[in-house]
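Here is what each chain is made of, one letter per residue.
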Amino acid sequence: MNVLIVDDEPLEIEQLHYLIQEQYPSWNLYEAEDAVQAKKVLEEYSIDLALLDIHLPGESGLDLCVHIKEQYETECIMVTAFEDFQYAKQALQLHVFDYIVKPVISREFYQTLEKFVKSFGYLEKVSPSIEKVIQLIHNSYELKLNLKELADEVHMAPNYLSRKFSEEVGMNFQEYVISYRITKAKSFLKQQPGWSIQHVSEKSGFTSLHHFSSTFRKIVQLSPSQYRESLQHD
């Protein structure tokens, strides 16, 4: 399933991205910081669900929702820091799927996603074998992961597993492992301010600090230290 997250606060996007990936690892996530970026994503990809912050620079999330409803078969969930009846009323008039108030509480957020999945039949698009491999990655991401060993666990030939993983998840095995390790690293940087960058690197499954730092910067566009500093200034 394809999900679009639209928010002008990068850390808000990060939180929603993390929560969704933890519960639904095979979903494809796209991000935008305003309506202009969001419309480009919508034009390029078939988006099933859009999570829209109401207060955006330029066109509001409510206006963006009107555009989405007119142009696409995409469900919208409004996300806002303001418990304003007028906003809620407008959202209901647009027939949005749900209305979430910030700060987002994980339990309530997951309940909304579960309701969405049940309502529209968006089940995980991965086979049981690939789901097992994903869970093995999640349980052992800090260890050295070997495709052949995981293939043995699900009784598949390594080449066949590699191809099926790419087809069903949308990225290859190594890309997924790295993506998940970076997600865990960001979580450690948030939740363990006393940990050194070296320790975060090791706990996230990276064999060298240099590889961790260069990979983190490539994906996040910040060094691990800069990312941690940005959290402190938030």
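Residues numbered from 1 in each chain as written. Predicted model: local features only at pLDDT ≥ 70, side-chain atom pairs only at ≥ 80, totals over all residues. Heavy atoms only, no water.

A. A look at the pattern of salt bridges. As enumerated under the stated definition, the model contains seven salt bridges in all. Between Asp7 and Lys102 there is a salt bridge whose closest N-O contact spans 2.7 Å. One end of the pair, Asp7, is in the loop between β1 (2-6) and α1 (10-23); the other, Lys102, is in the loop between β5 (98-101) and α5 (106-120), and 95 residues separate them in sequence. Residue Asp7 is classed as buried on the basis of its relative accessible area, which comes to 2%. In this structure Lys102 comes out as buried when scored by relative accessible area, which is 14%. Where Glu59 meets Lys39, a salt bridge forms, and the shortest distance between an N and an O atom there is 3.0 Å. Of this pair, Glu59 sits in the loop between β3 (49-53) and α3 (61-71) while Lys39 sits in helix α2 (residues 35-44), and the two are 20 residues apart along the sequence. By relative accessible area, Glu59 is classed as partly exposed at 26%. (Salt bridge = Lys/Arg side-chain N within 4 Å of Asp/Glu carboxyl O. Helix = DSSP H or I, 4+ residues; strand = E, 2+ residues; numbered from the N terminus. Buried < 20%, exposed > 50% of the residue type's maximum accessible area, 1.4 Å probe, protein only.)

B. Structural detail: unusual backbone geometry. Across the junction of Lys102 and Pro103, the peptide omega takes the value -5°, indicating a cis bond. One can find Pro103 in the loop between β5 and α5. Positioned with a positive phi, Gln221 is a non-glycine residue whose angle comes to about 70°. Residue position: Gln221 is located in the loop between α11 (209-220) and α12 (224-232).

C. Representation of the packing of aromatic side chains within the structure. Under the counting rule described, the total for this entry stands at eleven aromatic pairs. Here Tyr141 and Tyr180 contribute two aromatic rings whose centre-to-centre distance is 5.6 Å and whose plane-to-plane angle is 75°, an arrangement assigned as edge-to-face. One end of the pair, Tyr141, is in the loop between α6 (128-140) and α7 (147-153); the other, Tyr180, is in helix α9 (residues 173-191), with 39 residues separating them in the sequence. In this pair, the class of Tyr141 matches that of Tyr180, namely buried. Measuring from centroid to centroid gives 5.7 Å for Phe165 and Tyr176, while their planes differ by 75°, and the two rings are edge-to-face. Of this pair, Phe165 sits in helix α8 (residues 158-169) while Tyr176 sits in helix α9, placing them eleven residues apart in sequence. Taken together through their ring pairs, the aromatic side chains of Phe206, Phe212, Phe216 and Tyr227 make up a single cluster. (Phe/Tyr/Trp six-rings, centres within 6.5 Å; stacked < 30°, edge-to-face > 60°.)

D. A look at the sheet that holds strand β4 (residues 75-80). The strand order β2-β1-β3-β4-β5 describes an open sheet built from five strands, whose pairing is parallel. Of all the strands in the sheet, the pair left with one neighbour each is β2 (28-32) and β5. For this sheet, the mean inter-axis angle between neighbouring strands, taken without regard to orientation, is 20°. Looking at chain direction, β1 and β3 are connected through four bridges and run parallel. Across the sheet, Val3 pairs through a bridge with Leu49, a residue of β3. (Pairing = 2+ DSSP bridges. Axes fitted to C-alpha atoms, helices over the stretch in contact; angles between N-to-C directions.)

Interpretation note: all reported values are geometric properties and have no functional meaning in isolation.
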